[in-house]
Amino acid sequence: MLEVKNLTVSFGSHTVVNNVSFSLGEKQWLMIVGPNGAGKSTIVNAISQGVPYRGSVYFSGKDLAGLKPSELARKVGVLSQRRFVSYSFTVEEVVRLGRYAYSSSIFSGRSDDDEAKIEEALEVTGMKPFRGKSVLTLSGGELQRTFLAQVFAQDPRLLILDEPMNHLDLVYQKQMLELIRRWVGENGRAVISVMHDLNHAWAYGTDALLLDKGRVVAWGKTADVLTNENLQSVYSMDVYDWMRSLLSRWSR
Amino acid sequence: MSKRPEGFKPVAYILFAAAMMTVMVLCICAGSVNIPVKDTFTAIWNTVFDLPMPEDIPWSIIILVRLPRVLCVALAGGALSLCGGAMQGLLRNPLADGYTLGVSSGAALGAVIAIAFGIYVPGFALAGTMAMAMLFAFLSLVFILSITYRLDCSLSTNTIILMGVIFTMFANSIMSLIVVFAGERIRSIMFWTMGSFAGSNYVNAIVVFAALLVFGTAILLYSRELNAFAIGEDNARHVGVNVRKVKLVVLISVSALISVCVSISGTVGFVGLVIPHMVRMLAGPNHKRLLPASLFSGAVFLMLADLLGRTMLKPLEIPIGVVTSFIGSVVFVYIFYSSRKAK
């Protein structure tokens, strides 16, 4: 489905992402992991055409760089971590914007398909009871679920998540991860997420891409990528040992 | 399933128009000399249909002075509020408006330069002034936004307002300098910094109306995109909005509308700040309601402000900018205070 070849992103003379290539098939969830400054967010930004890059990003045989914004939005949806709202839009108004890419002109009314997608998105994210509420009154978790509902309503083929679990408490983290796992289980869908938490990457990812200083250290099935050897070379510490010592507290 | 449309129903527009017409009639009748409503209607009716005018009706006051003035005020008020609403959405900043961002002063500087250096289009004196005002308004907007963006890429409220204030001072100082040297060719600096609708004529009104028809429509057609921007520019891009195109069209339209208003009335401050804010409290932040409601309320607000300026200390006239700035600065502090407190 997704084919990224020789992706390089530079800001001035500083190269943030260096010659990264990988691909992704349907029903797969790729976890991009690595230390701070490895270029994780920049890669997903480039895929969603948010930063200029060299190399190519193809999706189902189409070059994403050549698409109009609305065409791109029908293929690629993004849920980012930074959330800050200034105005009291209702949850439903925010979710409704997810259908923007499907309205051919300003005069075309709402299609039944739009309505159905919006209802479904509100339903699965559990935001239906909040639909008339102002987004300013929501908690961090509710707000993040609102934007998840928006991107579900957008109905993209590829969902990009940039550290979606940040600032969410445990309950919401689990809900969110389960929701996305269910979403990606359908045909013709794939997810890429930037993950800090290696446990989440292990538990939910089918594939992983380990980065360090803008270069690919390892890419493949999660179990093949997150080996102690690979992680040690990137994080300069015995990650397995530390994880085990953390988990040992729970077995009492 | 809710199928409620996001915009207003037609009946709401009829109410808006009725309210606007009522205020308009009030503003034509009241003034240094109060004229009965019946006489006003007779004067307008008889002029439109070219009927003989009764002797006792102050025809020239109604038709040559008040009517064009009130029309100009209403159109400018609507245009400025629309611009304020659009900018607040585009920049996701409830304090943005042509005046606080320094665009109005930029436009005024352009107009003053055009008059002082005799830049005009033969046959239509206002055109040169307006073109220069537009050019300067757009340039100052781009200048202010790009500097702010360099300082702080989130375009935060504080930085953007600070830049606007500094730019306004800068533009005003150059303007004062030119006015001092140019002497009688230019209207007093008071006109440019405080605004005035005295001396409005039908040509002015038609120009503002035409600008509103073109650029106002452009802004209104982007209501949905402005909603996306108001939630966040990144979010707008992610749902498929052509971010660059919308930004360019809205910024050009806003600069054009503000410049046309400034060319005929000087800088009238805070209208674009106060009205959209109040409308947002009543009708919500959705631009499909916010923008049209701002258009009508802005017209009503500025007509009443002008009426107040004309009648409060009659026969003296208070510059309209004094009235709007007085109300506006209080509202500004209130918005600033409550948005700080919310964080």
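Criteria and cut-off values
- Numbering of residues begins from 1 in every chain and follows the order in which that chain's sequence is written.
- Just so you know, chain letters begin at A and ligand numbers begin at 1, following the order they were written in.
- Note on the predicted model: pLDDT of at least 70 is required for a residue's local features to be given, and 80 or more for side-chain atom pairs to be given and counted; whole-chain, interface and lining totals, by contrast, use all residues.
- Processing note: side-chain calculations cover all non-hydrogen atoms of the structure and skip hydrogens and water entirely.
- A helix here means a DSSP run of H or I that spans at least four residues, while a strand means a run of E at least two residues long, and both kinds are numbered starting from the N terminus.
- The globule rule used for comparison is 2.2 Å times the number of residues to the exponent 0.38, while the radius of gyration itself is calculated over C-alpha atoms.
- Whether a residue is buried, partly exposed or exposed follows from its accessible area with a 1.4 Å probe, protein chains only, as a fraction of its type maximum: under 20%, in between, or over 50%, in that order.
- In this description, contact between two residues means that some pair of their heavy atoms is separated by no more than 4.5 Å.
- Note on areas: Shrake-Rupley with a 1.4 Å probe; residue coverage comes only from the protein chains shown.
- A fitted line through C-alpha atoms represents every axis, and for helices the fit uses only the stretch in contact; the resulting angles, taken between N-to-C directions, go from 0 to 180 degrees.
- In these notes the angle categories are as follows: under 35 degrees is roughly parallel, over 145 is roughly antiparallel, 65 to 115 is roughly perpendicular, and the rest is oblique.
- Each crossing gets its hand from how the near helix is turned against the far one by less than a right angle, where anticlockwise is left-handed and clockwise is right-handed.
- For this scheme, ten residues count as nonpolar: Ala, Val, Leu, Ile, Met, Phe, Trp, Tyr, Cys and Pro. Four count as charged, namely Asp, Glu, Lys and Arg, and the remainder, Gly too, count as polar.
- Reported domain spans reflect what an automatic or database domain assignment gives.
- Reported buried area values correspond to the accessible surface (1.4 Å probe) lost by two parts on association, with both partners' losses combined.
- What makes a salt bridge here is a side-chain nitrogen of Lys or Arg within 4 Å of a carboxyl oxygen of Asp or Glu, nothing more.
- Under the convention used throughout, the expected extent of a helix is 1.5 Å for every residue step, that is, one less than its residue count.
- Each C-beta atom gives one direction from the helix axis, and the arc is the one those directions make.
- Here a polar contact means two N or O atoms within 3.5 Å. Within protein one must be a hydrogen donor candidate and the other an acceptor candidate, and residues neighboring in sequence count only if both atoms are side-chain atoms.
- Two strands qualify as a pair provided that DSSP identifies no fewer than 2 bridges between them.
- Here the aromatic set is Phe, Tyr and Trp, taking the six-membered ring for Trp, and pairing holds for ring centres within 6.5 Å; pairs whose planes are under 30 degrees apart are stacked, those over 60 apart are edge-to-face, and all others are tilted.
- Should the NZ of a Lys or the CZ of an Arg lie within 6 Å of a ring centre and within 35 degrees of the ring normal, that charge is described as sitting over the ring.

**Brief notes about the overall build of chain A**
Here comes step 1: When you go through chain A residue by residue, the secondary structure sums to 10 helices and 10 strands.
Here comes step 2: In terms of overall dimensions, chain A is globule-like: its C-alpha atoms have a radius of gyration of 19 Å, near the 18 Å expected for 252 residues.
Here comes step 3: Overall, chain A is about 55 × 50 × 35 Å in size when its C-alpha atoms are taken along their principal axes.
Here comes step 4: Counting every position in chain A, which comprises 252 residues, the buried fraction comes to 53%.
Here comes step 5: At a minimum sequence separation of 6, the contacts of chain A that also span at least 24 residues come to 69%.
Here comes step 6: When the accessible area of chain A is evaluated, it comes to approximately 11,600 Å², of which 51% is carbon and sulfur surface.

**Observations concerning the packing of helix 5 (residues 125-151) of chain B against helix 11 (residues 243-265) of chain B**
All names here are of chain B.
Here comes step 1: For the pair helix 5 and helix 11, the least separation of the axes is 8 Å and the interaxial angle reads 135°. Between helix 5 and helix 11, the crossing angle belongs to the class labelled oblique. Here the hand of the crossing between helix 5 and helix 11 comes out right-handed. Residue-level inspection shows Leu 126, Thr 129, Met 130, Ala 133, Met 134, Ala 137, Phe 138, Leu 141 and Leu 145 of helix 5 in contact with helix 11, the latter providing Leu 248, Leu 251, Ile 252, Ser 255, Ala 256, Ser 259, Val 260, Ser 263 and Ile 264.
Here comes step 2: Looking at the contact of helix 5 with helix 11 residue by residue, the class counts come to 14 nonpolar, 4 polar and no charged.

**Some words on the domain arrangement of chain A**
Residue and element names in this part refer to chain A.
Here comes step 1: Structurally, chain A comprises domain 1 (2-60 + 157-251) and domain 2 (87-155).
Here comes step 2: Placing a centre on the C-alpha atoms of domain 1 and another on those of domain 2 gives a separation of 27 Å.
Here comes step 3: Facing 11 residues of domain 1, the contacting portion of domain 2 comprises 12 residues.
Here comes step 4: For the pairing of domain 1 and domain 2, the buried interface totals around 1,000 Å² over both sides, and the portion due to carbon and sulfur atoms is 67%.
Here comes step 5: Considering only the surface of domain 1 that becomes buried against domain 2, Tyr 172, Met 176 and Leu 179 emerge as the three largest contributors, covering 45% of it.
Here comes step 6: Applying the counting criterion to the domain 1 and domain 2 interface returns 2 salt bridges.

**Looking at the interface of chain B and chain A**
Reports of interface size often rely on the accessible area that becomes lost once the parts have come together.
Here comes step 1: Taken residue by residue, the interface counts 32 residues in chain B and 36 residues in chain A.
Here comes step 2: Between chain B and chain A, the buried area comes to about 2,800 Å², and carbon and sulfur atoms account for 54% of it.
Here comes step 3: Broken down residue by residue, the surface that chain B buries against chain A is led by Arg 224, Ile 231 and His 238 of chain B, which jointly contribute 23%.
Here comes step 4: Across the contact surface, chain B and chain A share 1 salt bridge.
Here comes step 5: Here Glu 93 of chain A ties to Arg 289 of chain B by a salt bridge, and the two come within 3.6 Å at their closest N and O atoms.

**A word on the side chain of Thr 40 of chain B**
Residue and element names in this part refer to chain B.
Here comes step 1: As for its position among the elements, Thr 40 is in helix 2 (residues 37-48).
Here comes step 2: By relative accessible area, which is 2% here, Thr 40 ends up buried.
Here comes step 3: The contacts of Thr 40, once residues within four sequence positions are left out, are Ile 28, Cys 29, Ile 35 and Ile 62.

**Thoughts on helix 2 of chain B**
Residue and element names in this part refer to chain B.
Here comes step 1: End to end, helix 2 covers 17 Å across 12 residues, agreeing with the expected 16 Å (1.5 Å per residue, within 8%).
Here comes step 2: All of the buried residues in helix 2 are Asp 39, Thr 40, Ala 43 and Asn 46. Buried residues of helix 2, viewed axially, fall in a sector of 145°; they line one side. In this structure, helix 2 carries Lys 38, Trp 45 and Val 48 as exposed residues pointing more than 90 degrees from its buried face.
Here comes step 3: Just downstream of helix 2, Asp 50 is the residue with a positive phi angle, here 55°.

**Some thoughts on the side chain of Ser 325 of chain B**
All names here are of chain B.
Here comes step 1: Mapped onto the secondary structure, Ser 325 falls in helix 14 (residues 320-342).
Here comes step 2: Residue classification places Ser 325 among the buried positions, given a relative accessible area of 14%.
Here comes step 3: Within the local environment of Ser 325, its side chain forms a polar contact with the backbone oxygen of Gly 321, the two atoms lying 2.7 Å apart.
Here comes step 4: Apart from the residues within four sequence positions on either side, Ser 325 is in contact with Gly 269 and Phe 270.

**Some details on the environment of Arg 289 of chain B**
Here comes step 1: For Arg 289 of chain B, the location among the structural elements is in helix 13 (residues 287-311).
Here comes step 2: Through-space distance from the C-alpha of Arg 289 of chain B to that of Phe 8 of chain B is 6.1 Å; in sequence the pair is 281 residues apart.

**Things to note about the pairing of strand 4 (residues 54-59) of chain A**
Residues and elements named next belong to chain A.
Here comes step 1: In this structure, strand 1 (residues 2-11) lies alongside strand 4, joined through 5 bridges in antiparallel fashion. Pairing of Glu 3 across the sheet is with Tyr 58, part of strand 4.
Here comes step 2: Both strand 4 and strand 5 (residues 62-63) contribute to a ladder of 2 bridges, which runs antiparallel. Bridged to Tyr 58 within strand 5 is Asp 63.
Here comes step 3: Linking strand 4 back to strand 5 in an antiparallel pair, the connection comprises 2 residues, with Ser 60 at a positive phi of about 50°.

**Observations concerning the packing of aromatic side chains**
Here comes step 1: Scanning all chains against the criterion turns up 13 aromatic pairs over all chains.
Here comes step 2: Their ring planes at 75° and their centres at 6.4 Å tell us that Phe 270 of chain B and Phe 332 of chain B sit as a pair that is edge-to-face. Residue Phe 270 of chain B is located in the loop between helix 11 and helix 12 (271-283), and its partner Phe 332 of chain B is located in helix 14; the two are separated by 62 residues in the primary sequence.
Here comes step 3: Taken together, Phe 8, Tyr 13, Phe 16 and Phe 296 of chain B form an aromatic cluster joined through their ring pairs.
Here comes step 4: Just above the ring of Tyr 102 of chain A sits the side chain of Arg 74 of chain A; from NZ or CZ to the centre is 5.7 Å.
Here comes step 5: Above the plane of the ring of Tyr 102 of chain A lies Arg 99 of chain A, whose end atom (NZ or CZ) is 4.0 Å from the centre.

**Looking at unusual backbone geometry**
Here comes step 1: Although it is not a glycine, Lys 27 of chain A adopts a positive phi angle of roughly 65°.
Here comes step 2: Residue placement: Lys 27 of chain A occurs in the loop between strand 2 (14-24) and strand 3 (29-33).
Here comes step 3: By relative accessible area, which is 39% here, Lys 27 of chain A ends up partly exposed.
Here comes step 4: In the Ramachandran plot, Asp 50 of chain B falls in the positive-phi region, its phi being about 55° despite a non-glycine side chain.
Here comes step 5: Positionally, Asp 50 of chain B belongs in the loop between helix 2 and helix 3 (59-90).

**Things to note about the packing of helix 8 (residues 202-221) of chain B against helix 11 of chain B**
How two helices sit against one another is set out by the angle between their axes and by the gap between those axes.
Residue and element names in this part refer to chain B.
Here comes step 1: At a closest axis distance of 9 Å, the pairing of helix 8 and helix 11 adopts a crossing angle of 165°. Taken together, helix 8 and helix 11 sit at an angle that is classed as roughly antiparallel. Pair helix 8 / helix 11 crosses with left-handed handedness. Contacts between helix 8 and helix 11 pair Asn 204, Val 207, Val 208, Ala 211, Leu 212, Phe 215, Gly 216, Ala 218 and Ile 219 from the former with Val 249, Ser 253, Val 254, Ala 256, Leu 257, Val 260 and Ile 264 from the latter.
Here comes step 2: Within the contact of helix 8 with helix 11, the residues separate by chemical class into 13 nonpolar, 3 polar and no charged.

**Concerning the sheet that holds strand 4 of chain A**
Residue and element names in this part refer to chain A.
Here comes step 1: Ordered by their spatial adjacency, 4 strands build an open sheet running 2-1-4-5, and the pairing between neighbours is antiparallel. With partners counted over all chains shown, the strands left at the sheet margins are strand 2 and strand 5, one partner each.
Here comes step 2: Helix 1 (residues 40-47) rests against strand 1, strand 2 and strand 4 of the sheet, and its axis sits at about 115° to strand 1.

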